[in-house]
Amino acid sequence: MPSKKKRRRDLERPTIHPRNKYSENPPDFALLASLYTSFQPFVFYGRDGRPRIDWTDFNATRELTRVLLLHDHGIHWWIPDGQLCPTVPNRSNYIHWIEDLLASDIIGKTNTSGDNVRGFDIGTGANCIYPLLGASLLGWSFVGSDVTDVALEWAGKNVKNNPQISQLIEIRKVEIHEESPSMEELHDDKLVFCESKTELSGSMVKEEVDPLPSTSFDPHADANKTYNGPPVLIGAVRDSEKFDFCMCNPPFFESMDEAGLNPKTSCGGTPEEMICHGGEKAFITRIIEDSAVLKHSFRWYTSMVGRKSNLKFLMSKLREVGVTIVKTTDFVQGQTCRWGLAWSFVPPVRKIVSPHVAEKNIMSFMLEGLQRQFSAFHVLQSIESFFHTSGASCELNTSSFTIDITASNDHCDAILKDELQPLDEARSCQHEEETFNSSSCLHPRLNNLLFRISVFQQIPGTLLVKGSLQHRDNPVPGAFSLIFQRLEEVLRHKFCR
């Protein structure tokens, strides 16, 4: 009998996007085989009598993608052997998530084309899947960029073979120049690192955190984490072009050997599609760097992320360049999970605390990888300073390593306002949950928020920070959770490696 913990994890597991065509009706292999004779040889039946395909067979996965696009979307599609073969349900999740971002009123519209949505697909590949799905499902227009002749040829064929949407999609060759502009030339430090009060690193706790130097993106600092390939956005986006969003299925790996570690799937993929120096971390960092220069050329910058462990690193880069908001989500398909990362430089127009933010009376997090020069006492002092900065009342007890905090509504506003830090949502990973990076409308103005922060030594280099509300009558639902999340981000940024 499964344990309660296992059942709880199963219940909390993110699901496919609710507007995805396959959320309620997964692909029916038996039906597809009966309708498309070319798919029949790839379908077999397991001991349970259910139809299956061999996911390690590239031909099977390619034919499944072909018949799904034709049967459910009216799209004629094909790719040659060896090219990356996308899964339709997973790619549809990404499209619908961007639809959610564009439909929300978190940030204002920046284009002048009315309701016409324009996207940019970084590395569209021979499959051209995102432009084809976005155009057929939602009528969006796209520019799909790529560098290889094979990708450009077959992406063009896939567009041309679907005249009903071909006028919405442009396939653009990205020119590779032998002498590209240096990163110092592209990313002027005044633009990237001293943008405004929204820059998280220097303004969050002024007396505690020094502003990051303009060499934070020094391409020579760590060659293993630097992308040195073809242009990504700068060099691909033309002067004065405006887009509602960009999207990207980045090269996840550093080598083809690493790419082949999963024996359960065979989706194909060329080295240009699968690998780059530094892997997805370096590639997405380059998108972030480019976005810091292009700024409002895009309403939303987005990318898929293959490893959850990379999200923290990437969000730290986003904080460095002064984005106004960060959003994340899960893309779930069967046993495969990917993550979506989105950010913007457009000032938010909606300033509320979402009712979806869970009100928790006790919260905690671990500070792991504490630098040697710091102790639990340093962390305790930093917590006290964090709340003193907003004007909240603090009572420090060094013997028990606790701080009792009394915060009025104005103090909560000061802690959560834009000038301190944009709120990221790495912990939520939910499609519908929207927690915004400002809360100047915390209301009604009722009782003070009373809570205690405790610091516990775990093993060397690891501390447990625990927060507990001292009353059940929280004047602002979710405020304590948001404040504690911000505190976690401040402490991690300052003390952890």
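Residues numbered from 1 in each chain as written. Predicted model: local features only at pLDDT ≥ 70, side-chain atom pairs only at ≥ 80, totals over all residues. Heavy atoms only, no water.

1. Observations regarding the packing of aromatic side chains
Stated formally: Pairing of aromatic side chains requires ring centres within 6.5 Å, counting the rings of Phe and Tyr and the six-membered ring of Trp. Pairs whose planes differ by under 30 degrees are stacked, by over 60 edge-to-face, and all others tilted. Only DSSP runs of H or I with at least four residues qualify as helices, and only runs of E with at least two residues qualify as strands; both kinds are numbered from the N terminus onward. Accessibility here uses a 1.4 Å probe with only protein chains present; expressed as a share of the type maximum, an area under 20% marks a residue as buried, one over 50% as exposed, and anything in between as partly exposed.
This model, assessed by the stated rule, comprises 19 aromatic pairs. Pairing Tyr94 with Phe331 gives two aromatic rings, centres 5.2 Å apart and planes at 35°, and the pair type is tilted. Pair noted here: Tyr94 is in helix H4 (residues 88-103) and Phe331 is in strand E8 (residues 325-333), with a separation of 237 residues, a long-range link. For Tyr94, a relative accessible area of 0% puts it in the buried group. When the centroid spacing of 5.9 Å and the interplanar angle of 10° are considered together, the rings of Tyr301 and Trp343 count as stacked.

2. Topic: the nonpolar core
For clarity, the threshold we go by: Residues belong to a common nonpolar core when they are buried Ala, Val, Leu, Ile, Met, Phe, Trp, Tyr or Cys residues joined through side-chain atoms within 4.5 Å.
Membership of the largest hydrophobic core comes to 49 residues, with the highest contact counts inside it found for Phe39, Leu64, Tyr94, Trp140, Phe245, Met247 and Trp300. Where this core is concerned, the elements lending two or more residues are helix H2 (29-35), helix H3 (58-73), H4, helix H5 (129-138), helix H6 (149-160), strand E6 (243-248), strand E7 (298-305) and E8. A per-element tally of this core places H4 first, with 7 residues. With 35 residues, the next largest nonpolar core counts Met363, Val379, Phe451 and Val455 among its residues.

3. Re the side chain of Arg62
Turning to its location among the elements, Arg62 is positioned in helix H3. For Arg62, a relative accessible area of 6% puts it in the buried group.

4. Structural notes on the environment of Ala30
Keep this limit in mind: It only takes one pair of heavy atoms within 4.5 Å for two residues to be counted as in contact.
In this structure, Ala30 sits in helix H2. Residue classification places Ala30 among the partly exposed residues on the basis of a relative accessible area of 28%. Between the C-alpha atom of Ala30 and that of Phe44, which follows or precedes it by 14 residues, the distance is 9.0 Å. Each residue touching Ala30, except ones within four places of it in the same chain, is listed here: Tyr45 and Pro51.

5. Observations regarding the sheet that holds strand E12 (residues 402-407)
Rule in force here: Strands are labelled as partners when DSSP assigns at least two bridges between them. An axis is simply a line fitted to the C-alpha atoms; with a helix, the fit covers only the stretch in contact. Between two such axes, the angle follows the N-to-C directions and lies from 0 to 180 degrees.
Read across the sheet, 5 strands follow the order E10-E14-E13-E12-E11 without closing on themselves; strand pairing throughout is antiparallel. This sheet does not close on itself; its edge strands, each paired only once, are strand E10 (362-368) and strand E11 (393-397). Each neighbouring strand pair of the sheet contributes to a mean axis angle of 15°, computed without reference to strand direction. Pairing between E11 and E12: 5 bridges, direction antiparallel. Note that in E12 the partner of Asn397 across the bridge is Thr402.

6. Observations regarding the pairing of strand E5 (residues 169-173)
Note: strand E4 (residues 141-146) against E5, 5 bridges, orientation parallel. Residue pairing across strands places Ser145 opposite Arg172, the latter belonging to E5.

7. A word on the confidence of the model for the protein
Inclusion rule: Predictor confidence is given residue by residue as pLDDT, running from a minimum of 0 to a maximum of 100.
Taken over all residues, the pLDDT of the protein has a mean of 75, while the share at 70 or more is 69%. Taken element by element, the protein is modelled with least confidence in helix H9 (residues 200-203), mean pLDDT 26, and with most confidence in strand E3 (residues 118-122), mean pLDDT 97. Note on residues 5-13: pLDDT is under 50 here. Beyond four places in sequence and across chains, it has 5 contacts. A low-confidence stretch, residues 179-224 (pLDDT under 50), is modelled with 82 contacts involving residues beyond four sequence positions or located in other chains.

8. What about unusual backbone geometry?
A positive phi angle, close to 50°, is found at Cys128, a residue other than glycine. Structurally, Cys128 can be placed in the loop between E3 and H5. With relative accessibility at 0%, the residue Cys128 sits in the buried group. The residue Lys295 is not glycine, and still its phi comes out positive at about 45°. As for its placement among the helices and strands, Lys295 is situated in the loop between helix H12 (279-294) and E7.

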